[in-house]
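# Structural overview
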Amino acid sequence: MSRFLRNSSLICYMQCRKMSNTIQIDVKQGSVIGEKKQLQNGHSFYCFKGIPYAKSPIGDLRFKAPQPLLKFDKDVLDCTHERDVSFHKDPFTSDLVGSEDCLFLNVYTPKLKSETPLPVMVWIHGGAFLMGSGNSDFFYPRFLMDEGVVVVTLNYRLGMFGFLCYPKSGILGNAGLKDQVMALKWVKANIEQFNGDPNNVTLFGQSAGAAAIHLHLLSEISKKYFDKAIVQSGSAINEWVIQNNPEYKAKRLAELMGFKGPDDKLVEFLIKTKQPVDIYKHLLGVLTPDERRRGLPMPFKPVVEIPSSEAIITKRPIDLLKRNDSIDKPVMMGYTSAEGITMLANAIKKLDTIDSDLASLIPRSVNLEPNDPNCLTLATEMRKFYFNNQKIDSKSLESLKDLLTDYHFTIGLQAVAEIHSRYNCKSPLFFYKFSYVGGLNMFKKWFQLEKLKGACHGDDLFYLFQMANLEDTLNPGANDKKIVKVICKLWTNFAKYSNPTPNEDDSLKFKWKPVKNIKNNEKFTLDYLNIDNEIQMKQDPDKERIQFWRDIYQTWNKDFLRPKL
């Protein structure tokens, strides 16, 4: 009787609130109430926010793989508002936000009924595995829904809560990746109720989200829950992805908080005695000297797991990539033309340090130890190539931007493209470079580095998503609107047809050709779509810079495709 009264009260509340704009849908775990809203084109859409997709990972479930949620705690759940994001420091305000109780997703659908169910696009946000969320303040998919797709955004555990690994105490790592898989399982089981096609699910994401997706493409556990992937500005072999010395980091974290017990009590100490804020304040203290020197403050991130029934990745990604047909799904992949601007925002504060220690920007994937005397020789070559043998100072920002772009992104992504073309002939790969600079290149604006050439890391996001409270992204200018239309059309065509420019859609006046497959010692050519004011196919992006690094890897690794990771 009390449950009936509780549910009746909720329904009465919703009726009083705005009955004409709310709708109830049944899912496996109960019922959810969402809202009817308006698209930019005047059509309606429906959103259901803050849907729990797993048990709350709190108490004894901290750090562990997510557990299935069989039933909501209420028969009818109000999903007209978003719930907590993962606990993290907001990069814009520096405030600590969110909570550990964060395993929620949001569903946006343009239609609840149609002749055939709609393709589904599941977004995985970036943020260095350390920050961010999938909520609508940043990822509001109005323009994507204009193209007739269902969009799902989600939150997953970040930092130590998502990526602490200490197998001695049963914490196997990659809880954040396993959260993502649990969300995909929820989509598979429930998305039909929102007019989505559970057999046509596209994973798409950017930066750390893209790297996570690339790992899922290589995982036998993950790949059964989605059908294609869009990988934006990140890959499984970028050197900022895989965590080194995870047990050292877990133990160091506990020690910084005062732990002095035996190893088998370490996780118990972390679970039972500390609040999230108490743990977080020691986060950067676990960085190794090499990580500090290289300026990669990402202590907790994916690991290569010991084999188990729930392990996502149990071998090095580079080894998995080189297995024939390790990827068997269509893939879109690419990067922005000036990814390094986002790293430059911090590098500007320490130009003297970079100038005196340019060897710190030698990729770890080059077969040289940090104390090898040959590092100084290679640093001299880098100074000559990028900086014309000049001092690195405020006049060198364009060149430093290019080096940081290559160091953090393009070397890894171009290597992945070539490996894919040699080993994955069953998986079409569509490669792009986002070069457009317009009014929606928001990160470049926020960093106040608009004088630099190119599109910053993350600038492509605002041509796919709107920020719910930022007028610029909700109502772009005329030229930006054209790019928004093209980008959303390409991305959703891929979700619909596994091809961004299919024969079924002749509205685009160009054809995006996939990367050609090659065999044996054939020379690799990277065909790509350059997305700019003029959109056209080109070959070998950033050719001169990549050739410089090919020669480096040929010298020290014997091959560009043999990174030491």
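Residues numbered from 1 in each chain as written. Predicted model: local features only at pLDDT ≥ 70, side-chain atom pairs only at ≥ 80, totals over all residues. Heavy atoms only, no water.

Another point: the nonpolar core. Among the nonpolar cores identified, the biggest contains 184 residues, and Leu-400 and Trp-491 are the most heavily contacted of them. It is helix H14 (residues 397–423) that provides the largest number of residues to this core, a total of twelve residues. In contact with Leu-400, not counting residues within four places along its chain, are Leu-344, Ala-347, Leu-351, Ile-354, Leu-361, Phe-387 and Ile-392. (Core = buried A, V, L, I, M, F, W, Y, C linked by side-chain atoms within 4.5 Å. Buried < 20%, exposed > 50% of the residue type's maximum accessible area, 1.4 Å probe, protein only. Helix = DSSP H or I, 4+ residues; strand = E, 2+ residues; numbered from the N terminus. Contact = heavy atoms within 4.5 Å.)

Take unusual backbone geometry next. Positive phi is not limited to glycine here, since Ser-233 has a value of about 65°. In this fold, Ser-233 is placed in the loop between strand E11 (228–232) and helix H6 (246–256). Classification of Ser-233 by relative accessible area gives buried; the value is 0%. Positive phi, close to 55°, is recorded for Asp-540, a residue that is not glycine.

On to the packing of aromatic side chains, then. Taken as a whole, this structure holds 39 aromatic pairs when the rule is applied. Each ring, one from Tyr-386 and one from Phe-548, has its centre 5.9 Å from the other, and the planes form 85°; the classification is edge-to-face. Of this pair, Tyr-386 sits in helix H13 (residues 374–387) while Phe-548 sits in helix H18 (residues 543–556), and the two are 162 residues apart along the sequence. Each member of the pair Tyr-386 and Phe-548 is classed as buried. Where Phe-548 meets Trp-549, the ring centres are 5.2 Å apart and the plane angle is 85°; that geometry is what we call edge-to-face. We note that Phe-548, like Trp-549, is buried. Taken together through their ring pairs, the aromatic side chains of Phe-92, Trp-123, Phe-138, Phe-139, Phe-204, Phe-443, Trp-446, Phe-447, Phe-462 and Phe-465 make up a single cluster. (Phe/Tyr/Trp six-rings, centres within 6.5 Å; stacked < 30°, edge-to-face > 60°.)

Sheet topology note: the strand E1 (residues 22–27)/strand E2 (residues 30–38) ladder contains six bridges and is antiparallel. Its bridge partner lying in E2, Thr-22 is registered against Glu-35. The loop that links E1 with its antiparallel partner E2 comprises two residues. (Pairing = 2+ DSSP bridges.)

A separate point is the pairing of strand E7 (residues 104–109). Of all the six residues making up E7, six are buried; the element is thus mostly covered by neighbouring parts of the structure. Because side chains alternate across E7, one face comprises the buried residues Phe-104, Asn-106 and Tyr-108, and the other comprises Leu-105, Val-107 and Thr-109, equally buried. For strand E3 (residues 44–52) and E7, the ladder comprises five bridges, and the chain directions are antiparallel. Note on E7: the bridge partner recorded for Ile-51 is Leu-105.

Once that is clear, we can look at H13. Between its first and last C-alpha, H13 extends 19 Å over 14 residues, near the 20 Å set by a 1.5 Å rise per residue. Among the residues of H13, those classed as buried are Cys-375, Leu-378, Ala-379, Met-382, Arg-383, Tyr-386 and Phe-387. The buried residues of H13 all sit within an arc of 150° when viewed along its axis, so they share a single face. Pointing more than 90 degrees away from the buried face of H13 are the exposed residues Thr-380 and Lys-384. Residues of H13 that are buried in the fold lie against helix H12 (351–356), H14 and H18. (Expected span 1.5 Å × (residues − 1). Arc of directions from axis to C-beta.)

Glancing now at the confidence of the model for the chain. Per-residue pLDDT for the chain has a mean of 92; in total, 95% of the residues score no lower than 70. The low-confidence segment residues 1–18 (pLDDT under 50) makes 16 contacts with residues lying over four places distant or belonging to another chain. (pLDDT = per-residue confidence, 0-100.)

In this structure, Lys-228 sits in strand E11. Notably, Lys-228 is buried but unbridged: the nearest opposite-charge side chain belongs to Asp-227, and the N-O separation is 6.5 Å. Engagement of the side chain of Lys-228 in a polar contact is seen with the side chain of Asn-200, the distance being 2.9 Å. Within the structure, Lys-228 has its side chain in polar contact with the side chain of Ser-498 (distance 3.2 Å). With near-sequence residues (within four places) excluded, Lys-228 lies in contact with Asn-200, Val-201, Thr-202, Leu-203, Lys-329, Pro-330, Phe-494, Ala-495, Lys-496 and Ser-498. (Lys, Arg positive; Asp, Glu negative; His and termini not counted. Salt bridge = Lys/Arg side-chain N within 4 Å of Asp/Glu carboxyl O. Polar contact = N/O pair within 3.5 Å; in protein donor to acceptor, adjacent residues only side chain to side chain.)

Inspection of the secondary structure assignment puts Ser-498 in the loop between helix H17 (478–497) and strand E14 (527–531). For the pair formed by Ser-498 and Thr-380, sequence separation is 118 residues and the distance between their alpha carbons is 45 Å.

Right, let's talk about the packing of H14 against H18 for a bit. Think of two packed helices as two axes; the pair is described by the angle between the axes and how far apart they sit. Taken N-terminus to C-terminus, the directions of H14 and H18 make an angle of 75°; their axes are 10 Å apart at the nearest point. With respect to H18, the element H14 is oriented roughly perpendicular. Between H14 and H18, the contacting residues are Asp-402, Leu-403, Thr-405, Asp-406, Thr-410, Ile-411, Gln-414 and Glu-418 on the first element and Arg-545, Ile-546, Trp-549, Arg-550 and Tyr-553 on the second. Of the residues belonging to the contact of H14 with H18, the class tally is five nonpolar, three polar and five charged. (Axes fitted to C-alpha atoms, helices over the stretch in contact; angles between N-to-C directions. Parallel < 35°, antiparallel > 145°, perpendicular 65-115°, else oblique. Nonpolar A, V, L, I, M, F, W, Y, C, P; charged D, E, K, R; others polar.)

This next bit is on H14. An ideal rise of 1.5 Å per residue puts 39 Å on 27 residues; H14 measures up with 37 Å between its terminal C-alpha atoms. The principal kink in H14, of about 55°, is found at Asp-406. (Bend = angle between axes of the 7 residues up to and from the residue.)

The next thing to look at is the pattern of salt bridges. With the rule as written, the count across this model stands at 32 salt bridges. Where Glu-310 meets Lys-178, a salt bridge forms, and the shortest distance between an N and an O atom there is 3.7 Å. On the criterion of sequence distance, the pair formed by Glu-310 in the loop between helix H9 (289–294) and helix H10 (317–321) and Lys-178 in helix H4 (residues 175–190) is long-range, its members being 132 residues apart. A single salt-bridge network, built from bridges that share partners, covers Glu-398, Lys-401, Asp-402, Asp-406, Lys-433, Asp-542 and Arg-545.

So, on to the packing of H13 against H14. Following both chains from N to C, one finds H13 and H14 inclined at 125°, their axes separated by 9 Å at the closest point. Between H13 and H14, the angle falls in the class oblique. On H14, the residues touching Met-382, Tyr-386 and Phe-387 of H13 are Ser-399, Leu-400, Asp-402, Leu-403 and Asp-406. Residues that form the contact of H13 with H14 fall into these classes: five nonpolar, one polar and two charged.

This part takes up the environment of Ala-65. When you line up the elements, Ala-65 lands in the loop between E3 and strand E4 (76–78). Put simply, Ala-65 and Leu-172 are 107 residues apart on the chain and 8.3 Å apart in space, counted from C-alpha to C-alpha. Apart from residues no more than four positions distant in its own chain, Ala-65 is found in contact with Arg-157, Lys-178 and Glu-310.

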